[in-house]
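Chain residues, written in single-letter form:
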Amino acid sequence: KKIFVVAGARPNFMKIAPIVRAMDASPAFETVIVHTGQHYDHNMSGSFFAELGIRRPDHNLEVGSGTHAFQTASVMMKFEEICLTDRPDYVMVVGDVNSTIAAGLVAKKLGASLIHVEAGLRSGDRLMPEEINRLATDAITDIFFTTEKGATANLVSTGCDPGRVHFVGNVMIDNLFYQLGRLEASAVSGEVATLKQSIRGNYICLTMHRPSNVDNPEVLEAMLAALGDLAGEVPVIFPCHPRSRKNITRFGLDGYLSEPPINGGTVKEGLLCMPPLGYNDFLYLWKDAALVITDSGGLQEETTALEIPCITIRENTERPVTVEVGSNLIVGSDGERLKAESLKALSGRWKPCTVPELWDGHAGERITSVLEGACGI
Ligand code: UD1
């Protein structure tokens, strides 16, 4: 059977890496990788393919940035063209980005079976574009793969046939364990190795790029002010998404940021801003952080798997299992609460957590065997 595996944005690449590895090992499938080009900077895209061991995409649609409608429509038009010439039996989409729903819509209308990996997650917050993408994709999916049991329950409670919903664990964690096993100092860039060496004690890793945190000048300034206060206590390492970087400068907030040291020395404080990092460079930093502060979805899960305290600067999460097991705390955009909870985490007062069920590094293989079953193998 011919299966198109679609990825477009940075958080998709970690998810397809273990799936493609497992599918390539199965004689049942001809696996075709389609990169929509939603993300296109080397640091946001190319470096991930190389580092995560994903083979070159068979197709790159090169859609680039734009409004939601423009981006979604561009993926649809270009994806339809390749589907019409290359006729997939199955189309697999992952996560919740614009490329996910765009490719899903095209697949269904051309009669392919649609597979959604990371289905059923719900934040309940329809102001997030990702929530709309999740709801719309799951409304037309044929085969659902879920990462946590709550996601299965969300799908079944809205009428999905339980026989089509498969709880398989988390491919993001497959990738994390795989990369950790291969992470050697040699795979890490010189700047990142120097930075880590120059920090003696505790440090925090930060990612922040959601429109809700970075698109409004007052909110962004309040967040940077709170983070700046924390950065007066311990270094805060901040690889900065292009959207955030542009807005910090546009709103005149560069004064909150510090430069990471280039030539070593000892770093004791500062909101150390740098361009987005490759997967291994960032993993090398956050795996030993005392705390991660983020608005990303994937990092909430990855920190849970390594039992590192995570504070989520959002009002809600679509990944509630990370909160249930005790590794993730949701603080919203409340700067005072962020500071108080961060200081608590830095002082070691954080209850231990357990790793969620089936987050064991084998989700990609489970997905492949379910699909082999669906093909009668
Ligand atoms: C997208 C996803 C989001 C995910 C994030 C991870 C949607 C709706 N959102 O958001 O869920 O957490 O990716 O990174 O799909 N840009 C560049 N270079 C790039 C890509 C983007 O400079 O390679 C800049 C452009 O100015 C662009 C902006 O970042 O307009 C936003 O990119 P876009 O893909 O629209 O959404 P993200 O904010 O990255």
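Residues numbered from 1 in each chain as written. Predicted model: local features only at pLDDT ≥ 70, side-chain atom pairs only at ≥ 80, totals over all residues. Heavy atoms only, no water.

Draft legend 1. Focus on helix H2 (residues 42-51). Listed in full, the buried residues belonging to H2 are Met44, Ser45, Ser47, Phe48, Phe49 and Glu51. Those residues of H2 that are buried are in contact with helix H1 (10-24), strand S2 (30-35), helix H7 (171-182), helix H11 (242-250) and helix H12 (279-286). (Buried < 20%, exposed > 50% of the residue type's maximum accessible area, 1.4 Å probe, protein only. Helix = DSSP H or I, 4+ residues; strand = E, 2+ residues; numbered from the N terminus. Contact = heavy atoms within 4.5 Å.)

Draft legend 2. View of the site of the ligand. The environment of the ligand is made up of 20 residues, and the closest members are Gln38, His39, Tyr40, Glu130 and Lys246. One nitrogen or oxygen atom from the main chain of aspartate 41 is found 2.9 Å from an oxygen atom belonging to the ligand. Glutamate 130 is positioned with one of its side-chain polar atoms (N or O) 2.5 Å from an oxygen atom of the ligand. Protein contact buries 89% of the 740 Å² of open area that the ligand shows by itself. (Near = heavy atom within 4 Å. Polar contact = N/O pair within 3.5 Å; in protein donor to acceptor, adjacent residues only side chain to side chain. Areas by Shrake-Rupley, 256 points an atom, 1.4 Å probe, with all protein chains shown as cover.)

Draft legend 3. View of the side chain of threonine 72. Looking at the secondary structure, you find threonine 72 in helix H3 (residues 68-86). A relative accessible area of 17% means that threonine 72 is categorised as buried. Look past the residues within four positions of threonine 72 in its chain and what remains in contact with it is Asn98, Ile101 and Ala102.

Draft legend 4. Broad picture of helix H15 (residues 335-346). The end-to-end C-alpha separation of H15 is 16 Å, in line with the 16 Å expected for 12 residues at 1.5 Å each. Turning to H15, its buried residues number three or more, namely Gly335, Leu338, Lys339, Glu341, Ser342, Ala345 and Leu346. Residues of H15 that are buried make contact with strand S8 (204-207), helix H10 (217-231), strand S11 (291-294), strand S12 (310-312) and strand S13 (328-330). Its side-chain oxygen placed 3.1 Å from the backbone nitrogen of glutamate 336, aspartate 334 serves as the N-cap of H15. Positive phi shows up at glycine 348, right after H15, with a value of about 90°. (Expected span 1.5 Å × (residues − 1).)

Draft legend 5. Main features of the sheet that holds strand S3 (residues 59-60). With parallel pairing, the 7 strands of this open sheet are ordered in space as S3-S2-S1-S4-S5-S6-S7. Of all the strands in the sheet, the pair left with one neighbour each is S3 and strand S7 (165-167). The pairing of S2 with S3 spans 2 bridges and is classified as parallel. Bridging from a neighbouring strand, histidine 35 pairs with asparagine 60 of S3. The strands that H1 touches are strand S1 (2-7), S2, strand S4 (90-94) and strand S5 (113-117); relative to S1, the one it contacts most, it runs at about 160°. (Pairing = 2+ DSSP bridges. Axes fitted to C-alpha atoms, helices over the stretch in contact; angles between N-to-C directions.)

Draft legend 6. A look at the pattern of salt bridges. Under the definition given, this model contains 24 salt bridges. Between arginine 134 and aspartate 96 there is a salt bridge, with the nearest N and O atoms lying 2.8 Å from each other. On the criterion of sequence distance, the pair formed by arginine 134 in helix H5 (residues 129-140) and aspartate 96 in the loop between S4 and helix H4 (98-109) is long-range, its members being 38 residues apart. Overall, arginine 134 belongs to the buried group, its relative accessible area being 3%. Among the ionic pairs, arginine 319 bridges to glutamate 318, the shortest N-O distance being 2.5 Å. You can call arginine 319 buried: its relative accessible area is 2%. Judged by its relative accessible area of 1%, glutamate 318 is buried. Taken together, the shared-partner salt bridges in this structure form one network comprising Lys15, Asp96, Glu118, Glu131, Arg134, Glu301, Arg314, Glu318 and Arg319. (Salt bridge = Lys/Arg side-chain N within 4 Å of Asp/Glu carboxyl O.)

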